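Notes for the structure review
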Amino acid sequence: MKIAIIGATRGIGLALARLALADGHEVTVLARNPGRMTISNPNLHIVAGDALDPSSVLEVTAGQAVVCDCLGTTNVTQKLTMFSQCAQNLAKALKPEQLLIAVTGIGAGDSKGHGGVLYDYLFMPLVLRRMYDDKDRQEQIITRDIANWIIVRPGFLGNGPRTRHYRALTDLQGVHGGRISREDVADFILSQVTQPQFVGRTPLLIY
Ligand SMILES: NC(=O)c1ccc[n+]([C@@H]2O[C@H](COP(=O)([O-])OP(=O)(O)OC[C@H]3O[C@@H](n4cnc5c(N)ncnc54)[C@H](OP(=O)(O)O)[C@@H]3O)[C@@H](O)[C@H]2O)c1
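The text that follows walks through the structure, step by step, so that each part is easy to find. All values reported here derive from a predicted model rather than from experimental measurement.

**Some remarks on unusual backbone geometry**
- Residue R164 is not a glycine yet carries a positive backbone phi of 65 degrees.
- For R164, the position within the fold is in the loop between β7 (156-158) and β8 (167-169).
- Looking at R164, the relative accessible area reads 53%, which means it is exposed.

**A short note on the packing of aromatic side chains**
- In the structure shown here, the tally under the stated rule is four aromatic pairs.
- Both rings, one in Y166 and one in F188, keep their centres 6.2 Å apart while their planes meet at 85 degrees; by these two values the pair is edge-to-face. With Y166 in the loop between β7 and β8 and F188 in helix α5 (residues 182-194), the pair connects residues that are 22 residues apart, well separated along the chain.
- Judged by relative accessible area, Y166 falls into the buried class, the value being 19%.
- Where F188 meets F198, the ring centres are 5.5 Å apart and the plane angle is 65 degrees; that geometry is what we call edge-to-face. Highlighted residues: F188 in helix α5 and F198 in the loop between α5 and β10 (204-206), separated in sequence by ten residues.
- Overall, F198 belongs to the buried group, its relative accessible area being 11%.
- Lying over the aromatic face of Y132, K135 brings its terminal NZ or CZ to 5.6 Å of the ring centre.

**A word on the state of the cysteines**
- Enumeration according to the criterion identifies zero disulfides in this entry.
- Counting only cysteine sulfurs, C70 is the nearest neighbor of C68, a cysteine outside any disulfide, at a range of 5.7 Å.
- On the accessibility criterion, C68 (0% relative accessible area) is buried.

**A closer look at the site of the ligand**
- Close to the ligand lie 28 residues; T9, I12, R32, L71 and K135 are nearest.
- The contact in question runs from an oxygen atom of the ligand to an N or O atom on the side chain of K135, over 2.8 Å.
- Broken down by secondary-structure element, the contributors of at least two residues to the shell around the ligand are α1 (11-22), α3 (82-93), α4 (117-145) and β7.
- When residues of the shell around the ligand are assigned to their parent elements, the largest contribution, three residues, is made by α4.
- In the shell around the ligand, the residues fall into 14 nonpolar, eight polar and six charged.

**Focus: the pattern of salt bridges**
- Here the structure, examined in full by the defined rule, presents seven salt bridges.
- In this structure, the salt-bridge partner of D133 is R129, at a minimum N-O distance of 3.6 Å. Within this pair, D133 and its partner R129 are both found in helix α4, separated by four residues, close to a single helical turn.
- Relative accessible area serves as the criterion here: at 32%, D133 is assigned to the partly exposed category.
- Close ionic contact of D187 with R164 constitutes a salt bridge, the shortest N to O distance being 3.5 Å. Residue D187 is located in helix α5, and its partner R164 is located in the loop between β7 and β8; the two are separated by 23 residues in the primary sequence.
- Salt bridges here are not isolated pairs; linked through shared partners, they connect D110, E139 and R153.

**Some details on the pairing of strand β4 (residues 66-69)**
- Residues of β4 alternate between two faces, with V66 and C68 on one and V67 and D69 on the opposite face, all of them buried.
- Pairing of strand β1 (residues 2-6) with β4 involves four bridges; the strand directions are parallel. If you follow I6 over to β4, its bridge partner there is D69.
- The sheet contact formed by β4 and strand β5 (residues 99-103) spans four bridges and is parallel. Each residue of the ladder has a partner; that of C68, found in β5, is I101.
- Considered for its hand, the β-α-β crossover made up of β4, α3 and β5 is right-handed.

The rules behind each value
- Sequence order as written defines residue numbering, which begins from 1 separately in each chain.
- Confidence filtering applies because this is a predicted model: local features only for residues at pLDDT of at least 70, side-chain atom pairs given and counted only at 80 or more, and all residues used for totals across whole chains, interfaces and linings.
- Calculated side-chain values reflect all of the structure's heavy atoms, with hydrogen atoms and water omitted.
- Secondary structure is summarised from DSSP: a helix means a run of H or I of at least four residues, a strand means a run of E of at least two, and numbering begins at the N terminus for each.
- Here's how the labels work: a residue is buried when its accessible area is under 20% of the maximum for its type, exposed when over 50%, partly exposed in between, all with a 1.4 Å probe on protein chains only.
- Classification of ring pairs uses Phe, Tyr and Trp, with its six-membered ring standing for Trp, and accepts pairs whose centres are within 6.5 Å; under 30 degrees between planes counts as stacked, over 60 as edge-to-face, and the remaining range as tilted.
- Both a distance and an angle decide whether a charge sits over a ring: NZ of Lys or CZ of Arg must be within 6 Å of the ring centre and within 35 degrees of the ring normal.
- We call a pair of cysteine sulfur atoms a disulfide when they lie within 2.5 Å.
- Definition of nearness: a residue and a molecule or strand are near each other if at least one heavy atom of the residue lies within 4 Å of the molecule or strand.
- Any N or O atom pair separated by 3.5 Å or less is treated as a polar contact, with the protein-specific requirement of one donor-capable and one acceptor-capable atom, and with residues adjacent in sequence counted only for side-chain atom pairs.
- By the convention adopted, Pro, Cys, Tyr, Trp, Phe, Met, Ile, Leu, Val and Ala count as nonpolar, Lys, Arg, Asp and Glu as charged, and the other residues, Gly among them, as polar.
- Counted as salt bridges are all cases of a side-chain nitrogen of Lys or Arg within 4 Å of a carboxyl oxygen of Asp or Glu.
- We treat two strands as partners when DSSP finds at least two bridges between them.
- Whether a crossover is right-handed depends on one test, that the path from the first strand over the helix to the second runs clockwise when the strands point away from the viewer.

Following this line, the structure appears as structure tokens:
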């Protein structure tokens, strides 16, 4: 299948690119600095550009069956708009038949309050509030303006291996945080690329 990944130089996006290429998919990534891509493959295409630039997003999404938004940032000190700006660009670029799979995180939308006491009452308000305000806007744009979407909300990320043993939860009753490796988030996204079972839903991924 033809898959685009926005944000694939590291983290979940890079893990997803690796897994998808290993399965024989044709992968096109959007990278601000193509030199940061540490993998190469005849089926890997790199579009140099920025997720904040509408024309870059239009270029990377053109002709793709599935588009995966794996953007991330370490900036937690300033007001953020990158997630919502990219979502707006995607809303303009995507055709109704294209599937968007977007990574947000535990604490976004109605997963707020399910991160456990430390996360919900300390980390979220003191450190992550600006980021999650924008992830909330991102989710609102996706659910309102994009026809075909899955929002993936990982728990606390780690760099462990691909286990394929995790839970994808849409009923969060009794959930108070949890961990998941980036490799397993990528595994889940790839499963939804080939057999989408969560269209229009917001699965939370934890072990
Ligand atoms: N840490 C956690 O516990 C946790 C929990 C739940 C959810 N999450 C979320 O999961 C997502 C993925 O996190 P991660 O740690 O796997 O990835 P990451 O290391 O944050 O990687 C982010 C990717 O986004 C790219 N990127 C950033 N701004 C861009 C722009 N304007 N245009 C194009 N590409 C851009 C980066 O590329 P370059 O910088 O190389 O250009 C990089 O490839 C994030 O949204 C994060 O908030 C994290």
